[in-house]
Amino acid sequence: MESTHLLTSFQDFGLAEPISRALKEENYLTPTPIQTQTIPIAITGRDVVGIAQTGTGKTAAFALPILHRILENRIKPQPKTCRVLVLSPTRELSGQILDSFNAYGRHIRLTSALAIGGVPMGRQVRSIMQGVEVLVATPGRLLDLVQSNGLKLGQVEFLVLDEADRMLDMGFINDIRKVVAKLPIKRQTLFFSATMPKDIAELAEAMLRDPARVAVTPVASTVERITQRIIQVDHSNKPTFLANLLKSETVERALVFTRTKHGADKVVKSLARAGITADAIHGNKSQNHRERVLAAFRTGEIRTLVATDIAARGIDVDGISHVVNFDLPNIPETYVHRIGRTARAGAEGVAISLIAGAEEMGYLRDIEKLIRIALPREDHRTPGHREAAPPPAQHRGARSGPRGHTGRGSEVAAPGSKGPRRNRRPGGNGGAPQTNRHETSRQEPSRPAAQASGKAEGMQGVAFLHRESRPNTRPNRTQRPR
Ligand code: AMP
């Protein structure tokens, strides 16, 4: 499963030094499959059409070659223009994409801005007044800016269309066609979609010239040798339940997943109180610590390792008898990726998920749709806490479609709403033009943005990644190269 991207390293792509340096600082050690496939092609200037879902690392797959190419020919953008235009369906995704560009471009004084709906246009107009290198936008707002003469599209050299299928679902296709009609014909286009139904393939056909096709295989079938248990518990009982589980089960080696770094540390502490030695690996731990802990886990000195999804990438330890989902992942493919850590090399394995509350129940139903299996629940909640539990997803074989998409105006998200968005941006700063170069602001994903098609292909070649929390320490203000 990891082999595809272990074959390559970021050095092999020949990315400009300041970009490689930023990647090291981001702790990107190995490219993901979509990056391995896309970067070498896109860096040559060729159009690419890619099938890839959220969490596969596709943002870097398009952002890195584009940044490299704008550096190859660094020209100052003309007023009210941009060199790179990225279209994305929601304001949250747009914000994340901009954060990623700014993170990878932190050593090159990148100028960038965000143009999203739901906020007054004035600041956005001002942020692009002098021209920017990268503009990330939702289609409706972009057109408004163009129509009000705040933006001219005649200098766009690179176009990225992200989550095209979701754009279609949200009714943005006509807006996209209008935008594309205003772009120079000579440009590089990178087009990504989680699925490729006919309308999307036609749109791609109309927008791309001789594109290279790349794809990461959708995850659909769960590894069959794994016994999957779903245990409903009260939220407050999760730590105790986990400790008892680890004591009572025939656990040789357990990998416990949490969604956040903080959560991982808390689990380690609560296990320590219960007399169980465990250690955590996650983004805040040093490489030395990570290596020490992994070595101890391999030798059996530590039997329980607690990890976040991203830290667990690349862990190659045989003999993991149990995977425990202390928190259920909000991206269903991540579940499959997690549980695939057990039952390696022909062994049997057990995957146990502790579920508390309606939100996790929602994630569970997404997972069941993806793996097409209704997983039986074991109810260990205290009677007072039992709320009406929804039954398992009945429709074996059902394909999962994008959830909860609202209409065209949904780029304007209600604060606190539980839409299909991956990451909700903290601090309600979604409306401000983002021109900061250094800090990125990320949160744990909240909901899958797009789900895999139901094709049963196993999980080879797929690595799903999670964004980890990082506080936004930088004020929101315009910064331009001096
Ligand atoms: P994306 O699918 O682009 O939203 O990426 C999901 C998450 O994975 C983001 O938090 C990225 O920062 C992270 N990521 C992307 N590529 C890599 C990589 N090669 N190594 C480690 N993390 C990555």
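Placed above this text is the structure.
Values in this document were obtained by computation on a predicted structure and should not be read as measured data.

Asker: Is there a simple way to think about the overall build of the protein in this case?
Answerer: From N to C terminus, the protein includes 16 helices and 14 strands. The buried share among the 482 residues of the protein stands at 60%. Counted over contacts in the protein with a minimum sequence separation of 6, partners at least 24 positions apart contribute 79%. With the model as given, the accessible surface of the protein reaches about 18,800 Å², and the carbon-plus-sulfur share is 51%.

Asker: Is there a simple way to think about the pattern of salt bridges in this case?
Answerer: Once their charged atoms are close, side chains differing in charge can pair, the charge on each being opposite to the other. Following the criterion strictly, the structure yields 16 salt bridges and no others. The partner of E133 in a salt bridge is R74, and the shortest N-O contact between them spans 2.6 Å. Taken together, the residues span a long stretch of sequence, with E133 in strand β4 (residues 132-137) and R74 in the loop between α4 (58-72) and β2 (82-87) at a distance of 59 residues. The residue E368 makes a salt bridge to R377 at a minimum N-O spacing of 2.6 Å. On the basis of relative accessible area, E368 is assigned to the buried category, the value being 2%. One network of salt bridges, in which partners are shared, links K58, D162, E163 and R166.

Asker: Would you mind going over the nonpolar core with me for this structure?
Answerer: Nonpolar side chains in soluble globular proteins tend to end up buried together. Grouped together as the largest cluster of nonpolar side chains are 41 residues, with contacts concentrated most on F62, L64 and F101. In contact with L64, other than residues within four places in its own chain, are F10, L15, I19, L23, I39 and Y104. In terms of nonpolar packing, the next biggest core, distinct from the first, is built from 34 residues, L143, L145, L151 and L161 among them.

Asker: Just to check I follow, could you spell out the sheet that holds strand β1 (residues 48-51) for this structure?
Answerer: Hydrogen bonds between backbone atoms are what pair the strands of a sheet, whose relative direction is either parallel or antiparallel. Reading across from one edge, β3-β4-β2-β5-β6-β1-β7 is the order of the 7 strands in this open sheet, with parallel pairing throughout. Whereas interior strands pair on both sides, the edge strands pair on one side only; in this sheet they are β3 (112-115) and β7 (212-215). In this sheet, adjacent strand axes meet at a mean angle of 15° when their direction is disregarded. Its contacts with the sheet put helix α10 (residues 198-207) on β1, β5 (158-161) and β6 (188-193), and the angle it makes with β6 is roughly 175°.

Asker: For this particular structure, what's the right way to read the sheet that holds strand β8 (residues 226-232)?
Answerer: An order of β10-β11-β9-β12-β13-β8-β14 is seen for the 7 strands of this open sheet, with the pairing classed as parallel. Both edges of this open sheet fall to β10 (278-281) and β14 (377-379), since each of them pairs with a single strand only. Between one strand and the next, the sheet's axes are offset by a mean angle of 25°, whatever the strand orientation. One ladder, built from 4 bridges, connects β10 with strand β11 (residues 304-307); its direction is parallel. Opposite D279, over in β11, you have L305 as the bridge partner. Contacting β8, β9 (254-257), β12 (322-325) and β13 (349-355), helix α15 (residues 332-339) runs over the sheet at an angle of about 150° to β12. Along the sheet, helix α16 (residues 357-371) makes contact with β8, β13 and β14, crossing β13 at roughly 145°.

Asker: Where do I start with the environment of G14 in this structure?
Answerer: The topology assignment puts G14 in the loop between α1 (3-6) and α2 (17-25). For G14, a relative accessible area of 46% gives the class partly exposed. Expressed as a C-alpha distance, the spacing of G14 and I39, which sit 25 residues apart in the sequence, is 9.9 Å.

Analysis parameters
- Residues numbered from 1 in each chain as written.
- Predicted model: local features only at pLDDT ≥ 70, side-chain atom pairs only at ≥ 80, totals over all residues.
- Heavy atoms only, no water.
- Helix = DSSP H or I, 4+ residues; strand = E, 2+ residues; numbered from the N terminus.
- Buried < 20%, exposed > 50% of the residue type's maximum accessible area, 1.4 Å probe, protein only.
- Contact = heavy atoms within 4.5 Å.
- Areas by Shrake-Rupley, 256 points an atom, 1.4 Å probe, with all protein chains shown as cover.
- Salt bridge = Lys/Arg side-chain N within 4 Å of Asp/Glu carboxyl O.
- Core = buried A, V, L, I, M, F, W, Y, C linked by side-chain atoms within 4.5 Å.
- Pairing = 2+ DSSP bridges.
- Axes fitted to C-alpha atoms, helices over the stretch in contact; angles between N-to-C directions.

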